[in-house]
Amino acid sequence: MKEKLIFDFSASGRKGYSLSGRDLPMQPAEKLLPAKFLRRQPAALPEVPESEVVRHFIRLSNLNYHVDKNMYPLGSCTMKYNPKINDYTCDLPGFSALHPLQPEETAGGALQLMHELSSMLAEIAGMAAVTLQPAAGAHGELTGILLIKKYHESKGSKRSTLLVVDSAHGTNPASAAIAGYRTVSVKSNAIGRTDLDDLRSKLDGDVAALMLTNPNTIGLFEKEIVEISRMVHENGSLLYMDGANMNALLGIARPGDMGFDVVHYNLHKTFSAPHGGGGPGSGPVGVSEALVPFLPVPVVEKTEGPDGPRYRLVSDRPGSIGRMMNFYGNFSVLVRAYTYIRMLGPDGLRRVSENAIINANYLLSRLTSSYDLPFPKQVLHEFCLSGDRQKKSHGVKTLDIAKRLLDYGFHAPTIYFPLIVSEALMIEPTETESRETLDLFADAMLKIAEEAEQSPETVTGAPVNTPVTRLDEAMASRQLNICCM
Ligand SMILES: *Cc1c(COP(=O)(O)O)cnc(C)c1O
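Presented here is a report on the structure given in the accompanying data block. (Residues numbered from 1 in each chain as written. Predicted model: local features only at pLDDT ≥ 70, side-chain atom pairs only at ≥ 80, totals over all residues. Heavy atoms only, no water.)

Our focus in this paragraph is the nonpolar core. Among the nonpolar cores identified, the biggest contains 54 residues, and Leu117, Leu121, Leu210, Ile228, Tyr265 and Phe271 are the most heavily contacted of them. Grouped together as the second largest cluster of nonpolar side chains are 43 residues, Val379, Phe383, Leu385 and Phe410 included. (Core = buried A, V, L, I, M, F, W, Y, C linked by side-chain atoms within 4.5 Å. Buried < 20%, exposed > 50% of the residue type's maximum accessible area, 1.4 Å probe, protein only.)

Written out as structure tokens, the structure is:
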């Protein structure tokens, strides 16, 4: 089904509003604006009644795919259902009508929310303090790496290398490079975990930190994390955790207890704020005690006053790396994450992770008969299949499988990531899907595996049921790497 442009519904004189006269004299535009800013001709805006506008956009939203419509199994990127109460609190006038420049004495509630959210995130990850400034996961990485840099500088040490494991998200080496570091890749071993021998051989006096994702992007817990932490710290280096996706850890294990010095969170993944289409996100960074003096300013401080606690913004911190973001980060995302955490409470958060892990393992057990699993079958919140079998026997690539899923009404999983798995299909169901939905998804995947054997052209020609069907895939042959945000 195609949808016409809003302009095609336009007819002169149709209006979406009626105003019954005005009681203020209007100034002509020429009096209000310099001549160079005036339009030469009136803007050609569509004239459409409200009912048509609403229907047009509802139809468009139906053509789109979103997490309110069905499961969105993006591995690593955690697209979970977003409770509507998060939007409700975010819209409370005390939050939504705040002006970023209004005096801080009049924004006590917002500061209190930021202070409490920082404390809750610190508690969840076992860190000493958290900054809420970064606007996304990658921005959190950059912030964390700048904190590491400042730490080494404060010790008078110059280190210019960051180690990144080869299964890492692409933003890790990119953030390291932006912060001025040379990156060296550490290998994963045959069972998908960090290769300790390779790590040992690369740890020298120039290494500022190791960046690690745990559970890693294949969904496996780095069981040797305590040993890794010991090796890294003995070398005078720090340990950075990419905590973009903490869906397996909430209430169960804390990066701080594993020995991580810095961790970034993606509020727009683990803590449910909507994402996709470019944001807005939020990538807070938690640090251990030694790094607290370097946190970005301003920080929210709590003091006890005669009539209860007071919150204020403090910028006078000489050790700070400075500001990472205008104003105070993406505040609306903070309100959503705060609501999410408070609604669930500690036990609820733990159940989130337990259910995310059960869902992933259930789905995996339904799919292993038809798809290759390159690594052990003991996953946490996500898993990575390989489409090698389908490609080798029937010429059906992972890209084709992903596109065929659209015909069955599902968003595709993350594909061709991590780079260490060939024809990777990386699936994360999240805790918010019911058993019935997981079964429907598994049925679709199994059906596609069957089609790949019996009528491969059905899969390689997909999708056929979507508003936009198969595109020219010439680009795909140049090894297209598709990932998520
Ligand atoms: C999503 C993700 C990132 C980057 O987060 P953005 O908010 O997209 O910048 C980094 N690491 C991992 C493991 C991720 O899943």
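To continue, consider the pairing of strand β2 (residues 161–165). Across the five residues of β2, five count as buried, placing the element largely inside the fold. Judged by which residues are buried, β2 turns out to be covered on both faces: Thr161, Leu163 and Val165 on one side and Leu162 and Val164 on the other are all buried. The sheet contact formed by β2 and strand β3 (residues 182–186) spans five bridges and is parallel. What sits directly across from Thr161, in β3, is Arg182. Across four bridges, β2 lies against strand β4 (residues 207–212) in parallel orientation. When the sheet's bridge partners are listed, Leu163 is paired in β4 with Leu210. (Helix = DSSP H or I, 4+ residues; strand = E, 2+ residues; numbered from the N terminus. Pairing = 2+ DSSP bridges.)

The next thing to look at is the packing of aromatic side chains. Tallied over the full model, the rule gives five aromatic pairs. Ring centres of Phe327 and Tyr328 lie 6.3 Å apart, and the angle between their planes is 55°; this geometry places the pair in the tilted category. Exposure remark for Phe327: the relative accessible area of 32% places this residue in the partly exposed category. (Phe/Tyr/Trp six-rings, centres within 6.5 Å; stacked < 30°, edge-to-face > 60°.)

Surveying the vicinity of the ligand reveals 13 residues, the closest of which are Ser76, Gly137, Asp242, His268 and Lys269. In this structure, an oxygen atom belonging to the ligand sits 2.6 Å away from a side-chain N or O atom of Ser76. Backbone polar atom of Ala138 to an oxygen atom of the ligand: 2.8 Å apart, as the coordinates give it. Calculation on the ligand without its partners gives an accessible area of 380 Å², and the protein chains cover 94% of this total. Among the elements that take part in the shell around the ligand, helix α6 (residues 137–154) stands out by supplying three residues, more than any other. (Near = heavy atom within 4 Å. Polar contact = N/O pair within 3.5 Å; in protein donor to acceptor, adjacent residues only side chain to side chain. Areas by Shrake-Rupley, 256 points an atom, 1.4 Å probe, with all protein chains shown as cover.)

This brings us to the side chain of Ser272. With respect to the helices and strands, the residue Ser272 is situated in the loop between β6 (262–265) and β7 (285–287). Under the relative-accessibility criterion, Ser272 is labelled buried at 0%. Within the structure, the side chain of Ser272 is placed 2.9 Å from the side chain of Asn86, a separation counted as a polar contact. Aside from chain neighbours lying at most four places away, what touches Ser272 is Lys80, Tyr81, Asn82, Pro83, Asn86, Leu267 and Tyr340. (Contact = heavy atoms within 4.5 Å.)

Once that is clear, we can look at the packing of helix α11 (residues 331–367) against helix α14 (residues 435–454). Contact geometry for α11 and α14: axes closest at 10 Å, N-to-C directions at 30°. Looking at the two axes, α11 sits roughly parallel to α14. Taken as a pair, α11 and α14 cross one another with a handedness that is right-handed. In this structure, α11 contributes Asn359, Tyr362, Leu363, Arg366 and Leu367 to the contact, and α14 contributes Arg435, Leu438, Asp439, Phe441, Ala442, Asp443, Met445 and Leu446. (Axes fitted to C-alpha atoms, helices over the stretch in contact; angles between N-to-C directions. Parallel < 35°, antiparallel > 145°, perpendicular 65-115°, else oblique. Left-handed = near helix turned anticlockwise from the far one by under 90°.)

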